Amino acid sequence: MNIPILLNEERTMIQASPDETLLSALRKNKCLSAKLGCGQGKCGSCTVLLNGKPVCSCKIPVAIVMNQEIQTLESFSKTEMYQDITKGFSKAGIKLCGFCNAGKYFATREILLSNEKPNRASIKEQIQHLAPCCTDSDSLINGIIYASDIYNKRIGAKDER
């Protein structure tokens, strides 16, 4: 079955069976930043943006995303916000393993867009689902706070959320 989607800002057709997961279809189409972790939507390694919201692609049948917008980390990594997050993570001493990047970047993106000055408690609640593969949650929280400061300075805290 051909499933039309907007993938990383490009109209494309994904060849997949309707019950195949979005994750599987993306990986067959060379979008490899989303990884199969737990397979239950709990670890965040398979995270992509569906119409601008982070979702676990391992739990979504690809037929559901017909004519929807999907953004993977391959595309997001070309944005200024990605650079802000990278700088925040680096300042916190975080060196991501590559397996969990999508979940951590997209969770951070969601936090930055929803809260101009996130606090530790709210961040901890928002990242509790992420698998702590390569970093501890305290370092990740610090990285998100640093990324928030960098992002807000760059946009001039103009609430472009």
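Our subject in this report is the structure included herewith. Predicted model only: the values in this text are computed from it and were never measured. (Residues numbered from 1 in each chain as written. Predicted model: local features only at pLDDT ≥ 70, side-chain atom pairs only at ≥ 80, totals over all residues. Heavy atoms only, no water.)

**Quick look at the overall build of the protein**
And then number 1: Secondary structure summary: the protein contains six helices and five strands in total.
And then number 2: Going residue by residue from the N terminus, the α and β elements of the protein occur as β-β-α-β-β-β-α-α-α-α-α.
And then number 3: A compact globule built from 161 residues should have a C-alpha radius of gyration of about 15 Å, and the protein, at 16 Å, falls within 12% of that.
And then number 4: Judged by the C-alpha coordinates and their principal axes, the protein covers about 45 × 30 × 20 Å.
And then number 5: By the burial criterion, 43% of the 161 residues in the protein qualify as buried.
And then number 6: Sequence-distant contacts, at least 24 apart, represent 60% of the contacts inside the protein between residues at least 6 apart.
And then number 7: For the protein, the exposed area adds up to about 8,200 Å²; of that, 49% sits on carbon and sulfur atoms. (Helix = DSSP H or I, 4+ residues; strand = E, 2+ residues; numbered from the N terminus. Rg over C-alpha atoms; globule rule 2.2 N^0.38 Å. Buried < 20%, exposed > 50% of the residue type's maximum accessible area, 1.4 Å probe, protein only. Contact = heavy atoms within 4.5 Å. Areas by Shrake-Rupley, 256 points an atom, 1.4 Å probe, with all protein chains shown as cover.)

**Comments concerning the pairing of strand E3 (residues 47-50)**
And then number 1: Here E3 shows no split at all, with Thr-47 and Leu-49 on one side and Val-48 and Leu-50 on the other all buried.
And then number 2: Alignment of E3 against strand E4 (residues 53-56), held across four bridges, turns out to be antiparallel. Bridge assignment links Val-48 to a residue of E4, and that residue is Val-55.
And then number 3: Here E3 folds back onto E4, and the loop between the two strands holds two residues, one of which, Asn-51, carries a positive phi near 50°.
And then number 4: Taken together, the two bridges between E3 and strand E5 (residues 69-71) define a ladder with antiparallel strand orientation. Its bridge partner lying in E5, Leu-50 is registered against Ile-70. (Pairing = 2+ DSSP bridges.)

**Here's the deal with helix H4 (residues 101-114)**
And then number 1: The end-to-end C-alpha distance of H4 is 20 Å, a good match for the 20 Å that 14 residues give at a rise of 1.5 Å each.
And then number 2: Among the 14 residues of H4, 11 are classified as buried, and the element is accordingly described as predominantly covered.
And then number 3: Along H4, the positions that sit buried rather than exposed are Asn-101, Ala-102, Gly-103, Lys-104, Tyr-105, Phe-106, Ala-107, Thr-108, Arg-109, Ile-111 and Leu-112. (Expected span 1.5 Å × (residues − 1).)

**Description of the sheet that holds E5**
Hydrogen bonding along the main chain pairs the strands of a sheet, whether they run parallel or antiparallel.
And then number 1: Sheet architecture is open: five strands sit in the order E2-E1-E5-E3-E4, paired in mixed fashion. A strand with exactly one partner marks an edge of an open sheet, and here the two such strands are strand E2 (10-15) and E4. Adjacent strand axes in the sheet meet at a mean angle of 45°, parallel and antiparallel pairs treated alike.
And then number 2: Direction of pairing for strand E1 (residues 2-7) relative to E2: antiparallel, over a ladder of six bridges. From the neighbouring strand, Asn-2 faces E2, where its bridge partner is Gln-15.
And then number 3: Along the sheet, H4 contacts E3, E4 and E5; its crossing angle with E3, the most-contacted strand, is approximately 40°. (Axes fitted to C-alpha atoms, helices over the stretch in contact; angles between N-to-C directions.)

**Looking at the pattern of salt bridges**
And then number 1: One pass over the structure, following the stated rule, counts six salt bridges.
And then number 2: Residue Asp-138 pairs with Arg-120 through a salt bridge whose shortest N-O separation is 4.0 Å. Of this pair, Asp-138 sits in helix H6 (residues 137-155) while Arg-120 is found in helix H5 (residues 120-127), placing the two residues 18 residues apart along the sequence.
And then number 3: In this structure, a network of salt bridges that share partners links the residues Lys-53, Arg-109 and Glu-110. (Salt bridge = Lys/Arg side-chain N within 4 Å of Asp/Glu carboxyl O.)

**What about the nonpolar core?**
And then number 1: The biggest cluster of nonpolar side chains holds 23 residues, and the ones touching the most others in it are Phe-76, Ile-85 and Ile-127.
And then number 2: If you list the elements that add at least two residues to this core, you get helix H2 (73-76), helix H3 (80-91), H4, H5 and H6.
And then number 3: If near-sequence neighbours (up to four positions away) are discounted, Ile-127 is found in contact with Ile-111, Ser-137, Leu-140, Ile-141 and Ile-144.
And then number 4: With 21 residues, the next largest nonpolar core counts Leu-22, Val-55, Cys-56 and Ile-60 among its residues. (Core = buried A, V, L, I, M, F, W, Y, C linked by side-chain atoms within 4.5 Å.)

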